[in-house]
Amino acid sequence: MSAESASAIHRNQVDLLDFVDWSSVECLNQKNSHSLPNALKQGYREDEGLILESDADEQLLIYIPFNQVVKLHSIVIQGPEEEGPKSVKLFANREHMGFSNVNDFPPSDTVILSTENLKGKPVIVKYVKFQNVRSLTIFIEDNQSGSDITKVQKIVLYGTTVETTDMKSLKKIEDH
């Protein structure tokens, strides 16, 4: 994917935060004192003092399930110029990934974040690959400076919900 980004998010795209299944969100290799909610949750992610920080090395593996099917349009990953993420791989509907098997699967999309992206410019994803997303795995492979610590200030996912039919609410049509 190129780092081509929209100057503005399309009108019908919304922040998908309300559709995140918080009980199942995971982040591998996060520092306990600087964990994922700092970058993902509303209110926390707006506070520049709160960050997500890697622990043992520069890599982070973030699993974000949704409570309904969504279409992912774009993603914002903000971070500091030096320790901010650089190479990011996105996986749609891949559960139970770990550092040992993350390279065994082809990513749905790959992006190299620019300085503009780290300052908040959204990156448009390969929309056709993200039409029926039940979960998103974000693999932050390295950072801008090649240091051992990666810092993420904010993660925002933009998209729409997929209109689905609630089969339980359908009523049988009676013959008269």
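Residues numbered from 1 in each chain as written. Predicted model: local features only at pLDDT ≥ 70, side-chain atom pairs only at ≥ 80, totals over all residues. Heavy atoms only, no water.

- For the chain, an unreviewed UniProt entry supplies the name PITH domain-containing protein At3g04780 and the organism Sesamum indicum.
- Looking at the Sequence similarities (unreviewed entry) heading of the UniProt record, one finds this comment for the chain: "Belongs to the PITHD1 family." (UniProt positions renumbered as here; feature names shortened; annotations may be inferred.)

## Notes on the pattern of salt bridges
- Enumeration over the complete set of coordinates arrives at 5 salt bridges.
- Among the salt bridges present, the one from R45 reaches E46, with a minimum N-O distance of 3.2 Å.
- Here R45 falls in the buried class, since its relative accessible area comes to 6%.
- Here K89 ties to E141 by a salt bridge, and the two come within 3.8 Å at their closest N and O atoms. Taken together, the positions of K89 in strand β5 (residues 87–92) and E141 in the loop between β8 (133–140) and β9 (151–152) put the pair 52 residues apart, joining distant regions of the chain. (Salt bridge = Lys/Arg side-chain N within 4 Å of Asp/Glu carboxyl O. Buried < 20%, exposed > 50% of the residue type's maximum accessible area, 1.4 Å probe, protein only. Helix = DSSP H or I, 4+ residues; strand = E, 2+ residues; numbered from the N terminus.)

## Considerations on unusual backbone geometry
- Positive phi, close to 70°, is recorded for N29, a residue that is not glycine.
- Here N29 is to be found in the loop between β2 (26–28) and α1 (37–40).
- The backbone of H96 sits at a positive phi, close to 55°, despite the residue not being glycine.
- When you line up the elements, H96 lands in the loop between β5 and β6 (109–112).

## Focus: the pairing of strand β4 (residues 60–78)
- Within β4, 15 of the 19 residues are buried, which leaves it mostly tucked inside the rest of the structure.
- Sheet analysis places β2 next to β4, joined by 3 bridges and oriented antiparallel. Bridge pairing in β4 places C27 opposite I62.
- In this structure, β4 lies alongside strand β10 (residues 154–161), joined through 8 bridges in antiparallel fashion. Bridge pairing links L72 to G159 in β10.
- Sheet topology note: the β4/strand β7 (residues 123–124) ladder contains 2 bridges and is antiparallel. Residue pairing across strands places S74 opposite I124, the latter belonging to β7. (Pairing = 2+ DSSP bridges.)

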